[in-house]
Amino acid sequence: MSYESPALAQDILSAVSPVDRERLLHLPLAPHLRVLLFEEMLDRYSDSMEIQPYLLLGLADQISSLGSVSVALEFYFKAQNILAEMGTIDKVLNRRVEKLATEVNKQTAEKLAKSRLLPYHQKWRPTREYKFPTNLPHLPLGSQEVLERWREMTAVEFTGAYLRKLAIETNHIEGVFLLTDSARFLFFNGSELLYLIMSVFCLVGARPSHARD
């Protein structure tokens, strides 16, 4: 799309290095790589007010092409604000932003109205049945560490301890029994003895006011 302001034309790329100019003139084919490129350029030239509107619009256009118009709007707004600070008004950009904002507001209102008519429900699945997101195009930093930690936590011994903890906490919250300070210490240290005691209370239907040490 062609805009009125010179700050949004390709000539503004003279403000970047020759290497970056070449990269911006010959964008990657994959949309997500284009997004990454504009994000990289925005970070690299964060101190250059002159080039910021062009890069922000480039990023917004790519995000919009991926279907995330509501996210793209934030970058369009930022570009508008910077242009306003520079004393520039681009009518083409303003009309585009106004049109997209109207579409997003309409879609949001429709989804909100629809959500009020239909009860929300989702079939419950244990967390461990979900696949760890290892096939995303760009995994966040530290994802490998989280994956390793997740594998450690989903070991058999952890699952058993967690289920015992959950059972005791549930009965405690519902008032089936209360825990003394000593019992709390045993509980949070994973005592098998405390688990057996609480299991007996549940099986016989006893409802003591306090669990004895």
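Residues numbered from 1 in each chain as written. Predicted model: local features only at pLDDT ≥ 70, side-chain atom pairs only at ≥ 80, totals over all residues. Heavy atoms only, no water.

**Looking at the nonpolar core**
Quick note on the threshold: Grouping buried Ala, Val, Leu, Ile, Met, Phe, Trp, Tyr and Cys residues that are joined through side-chain atoms within 4.5 Å yields what is termed a nonpolar core. Accessible area is worked out with a 1.4 Å probe on protein chains only. A residue is then buried under 20% of its type maximum, exposed over 50%, and partly exposed in between. A helix here means a DSSP run of H or I that spans at least four residues, while a strand means a run of E at least two residues long, and both kinds are numbered starting from the N terminus. The contact criterion used is simple: two residues touch if any of their non-hydrogen atoms lie within 4.5 Å.
Leu24, Ile51, Leu55, Leu59, Leu73, Tyr76 and Leu93 are the most contacted members of the largest nonpolar core, which has 31 residues in total. Mapped onto this core, the elements with two or more residues apiece are α2 (31-44), α3 (52-65), α4 (69-85) and α5 (91-117). If sequence neighbours within four positions are ignored, isoleucine 51 has contacts with Ile12, Leu13, Val16 and Tyr45.

**A word on the packing of α4 against α5**
How two helices pack is summed up by the angle between their axes together with the distance between the axes. Rules: A fitted line through C-alpha atoms represents every axis, and for helices the fit uses only the stretch in contact; the resulting angles, taken between N-to-C directions, go from 0 to 180 degrees. For classification purposes, an angle smaller than 35 degrees is called roughly parallel, one larger than 145 roughly antiparallel, one from 65 to 115 roughly perpendicular, and anything else oblique. By the definition used in this description, the sense in which the near helix is turned from the far one sets the handedness, with an anticlockwise turn below a right angle giving left-handed and a clockwise turn giving right-handed. Each residue gets one of three labels, nonpolar for Ala, Val, Leu, Ile, Met, Phe, Trp, Tyr, Cys and Pro, charged for Asp, Glu, Lys and Arg, and polar for the others, Gly among them.
At their nearest, the axes of α4 and α5 sit 10 Å apart, and the two run at 150° to each other. When the axes of α4 and α5 are compared, the pair comes out roughly antiparallel. Seen from above, α4 lies across α5 with left-handed handedness. Within the contact between the two elements, α4 uses Val69, Ser70, Leu73, Tyr76, Phe77, Gln80 and Leu83 and α5 uses Leu93, Asn94, Arg96, Val97, Leu100, Ala101 and Val104. Of the residues that constitute the contact of α4 with α5, the class distribution is ten nonpolar, three polar and one charged.

**Side note on the packing of helix α1 (residues 18-25) against α2**
Where α1 contacts α2, the axes come no closer than 11 Å and their chain directions differ by 150°. Between α1 and α2, the interaxial angle falls into the category roughly antiparallel. Between α1 and α2 lies a crossing of left-handed hand. Where α1 abuts α2, its residues Asp20, Arg23 and Leu24 lie against Leu37, Phe38, Glu40, Met41 and Arg44. Classifying every residue of the contact of α1 with α2 gives four nonpolar, no polar and four charged.

**Structural notes on the confidence of the model for the protein**
Formally: A score between 0 and 100, pLDDT records how confident the predictor is in each residue.
When pLDDT is averaged across the protein, the result is 77; 74% of the residues are at 70 or more. Taking the mean pLDDT of every element in the protein, the minimum, 50, falls on helix α9 (residues 192-204) and the maximum, 91, on α2. Low pLDDT (under 50) marks residues 200-213, which in the prediction has 20 contacts with non-local residues, meaning those over four places away or in another chain.

**Brief notes about α4**
Going by this rule: Multiplying 1.5 Å by the helix residue count minus one yields the expected span of that helix.
End to end, α4 covers 24 Å across 17 residues, agreeing with the expected 24 Å (1.5 Å per residue, within 8%). Among all positions of α4, only Ala72, Leu73, Phe75, Tyr76, Ala79, Gln80, Ile82 and Leu83 are buried. Lining the buried residues of α4 we find α3 and α5. Immediately beyond the C-terminal end of α4, within one or two residues, lies glycine 87, with a positive phi of roughly 80°.

**Points about the environment of leucine 178**
With respect to the helices and strands, leucine 178 occurs in the loop between α7 (156-173) and α8 (181-188). It is 9.9 Å that separates the C-alpha atoms of leucine 178 and isoleucine 168, two residues lying ten residues apart in sequence.

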